Every structure is written in C-alpha cells, then in structure tokens.
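# Reading the structure
One-letter residues, chain by chain:
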Amino acid sequence: MSNDKYASIRLENQLCFPLYACSKEIIRKYKPFLDKLDLTYTQYITMMVLWEEQELSVKELGNKLMLDSGTLTPLLKKLERKGYVTRARSSADERNLIVSITPVGMALRDQALSVPACMSKCVNLNPEEAAQLYALLHKVIDGLSE
C-alpha cells in the first residue's frame, strides 16, 4: 500500500506546524524578558499598541492585535488592575469602550526598550532575512484575512 495518498496529511508537509511551533518558541523566549516587566506576551503587544496610540476603542485595539473582545476584556482588566490602562465609555457613543494608557503604563515603555534587542539575539536571522520573513508572514496573514 502506497503512502503517497497520505502525503498531504503528514506533519512534515504542513506549513501550519512550523508556524505554530515557531510562534510558541518565540513567545517562550520572550517570557524571561517580559517577566521583568510583569507582562504576558499578549499584554506586551497590547501595551506596544497603547504606547503608540495612547487611546483607542477596544474594537480598534482588537483589530490591530487580531484579538476578539473575549480575549481582550480579561487582559485589559488585568492591565487596569496594574495601573497601566484605564477603560471608560466613550462620551460620544456609550457603546464604545475606550482604553487609555496611564502615566504608569507610559513609564513602562522605557523599561521595555531592551526587549527587542534581547529577542533579536535569540532569533538566528540577519536583518535582511528577518525583513523577508516579516513580509512573507504578512502576505500569509493578508491572504487569510480576505
């Protein structure tokens, strides 16, 4: 019996598996750096958006992070308890919940400056390879989002 008909379901032939494994390992490598900031990876990427935007709706934040409100709400509550963000209903439209970074949350940005450099040492890619991978990953994401 030939195994050729099963080639498409072999783990070694799946693009999704190395993407999954790479993502899991990258996030694992982030952990010691983020532990110093008392942040999880998902909290860290949320803070990165807020360091840039300062204030936006939960819906806008979810779109930028590709996270649903079921994931974002408990995460934002934890960040609020830490004093990094506030959440308040929009005065223009009470259906919208606005997330704003606090001065304490903004101050955390300086402590996070070393994280990208530390992480780049963990990933065995030169800057050109990293840029190529970034472009390819976004091409995949964009294709899946259509």
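Quick look at the structure, then. (Residues numbered from 1 in each chain as written. Predicted model: local features only at pLDDT ≥ 70, side-chain atom pairs only at ≥ 80, totals over all residues. Heavy atoms only, no water.)

Bringing the packing of aromatic side chains into the picture now. Under the definition given, this model contains 4 aromatic pairs. Ring plane angle 45° and centroid distance 5.7 Å describe the contact between tyrosine 30 and tyrosine 44, whose orientation is recorded as tilted. Placement of the pair is tyrosine 30 in helix H1 (residues 16–35) and tyrosine 44 in helix H2 (residues 41–53), with a sequence separation of 14 residues. Considered together, tyrosine 30 and tyrosine 44 belong to a single accessibility category, that of buried residues. An aromatic cluster of three or more residues is present, and its members are Tyr30, Tyr41, Tyr44 and Trp51. (Phe/Tyr/Trp six-rings, centres within 6.5 Å; stacked < 30°, edge-to-face > 60°. Helix = DSSP H or I, 4+ residues; strand = E, 2+ residues; numbered from the N terminus. Buried < 20%, exposed > 50% of the residue type's maximum accessible area, 1.4 Å probe, protein only.)

In space, the 3 strands of this open sheet follow the order S1-S3-S2, with antiparallel pairing throughout. Both edges of this open sheet fall to strand S1 (55–57) and strand S2 (85–89), since each of them pairs with a single strand only. The sheet shows a mean angle of 25° between the axes of neighbouring strands, taken without regard to direction. As paired strands, S2 and strand S3 (residues 97–101) are joined by 5 bridges and run antiparallel to one another. Across the sheet, residue valine 85 finds its bridge partner in S3, namely isoleucine 101. (Pairing = 2+ DSSP bridges. Axes fitted to C-alpha atoms, helices over the stretch in contact; angles between N-to-C directions.)

Along helix H5 (residues 103–112), the positions that sit buried rather than exposed are Gly105, Leu108 and Ala112. Across the axial projection of H5, the buried residues extend over an arc of 45°, all falling on one side. For H5, exposure combined with an orientation more than 90 degrees from the buried face picks out Pro103 and Asp110. (Arc of directions from axis to C-beta.)

Next up on the list: the pattern of salt bridges. Applying the stated criterion across every chain yields a total of 7 salt bridges. Ionic pairing is found between lysine 31 and aspartate 35, a salt bridge with its closest N-O pair at 3.0 Å. In this pair, lysine 31 and aspartate 35 are both assigned in helix H1, 4 residues apart and thus about one turn of the helix distant. Exposure remark for lysine 31: the relative accessible area of 48% places this residue in the partly exposed category. The shortest N-O distance in the salt bridge between glutamate 53 and lysine 64 comes to 3.5 Å. On the criterion of sequence distance, the pair formed by glutamate 53 in helix H2 and lysine 64 in helix H3 (residues 58–65) is long-range, its members being 11 residues apart. Exposure remark for lysine 64: the relative accessible area of 49% places this residue in the partly exposed category. Where salt bridges share partners, they join Lys24, Glu25 and Arg28 into one cluster. (Salt bridge = Lys/Arg side-chain N within 4 Å of Asp/Glu carboxyl O.)

Read these as layout, nothing more, since geometry by itself doesn't imply function.
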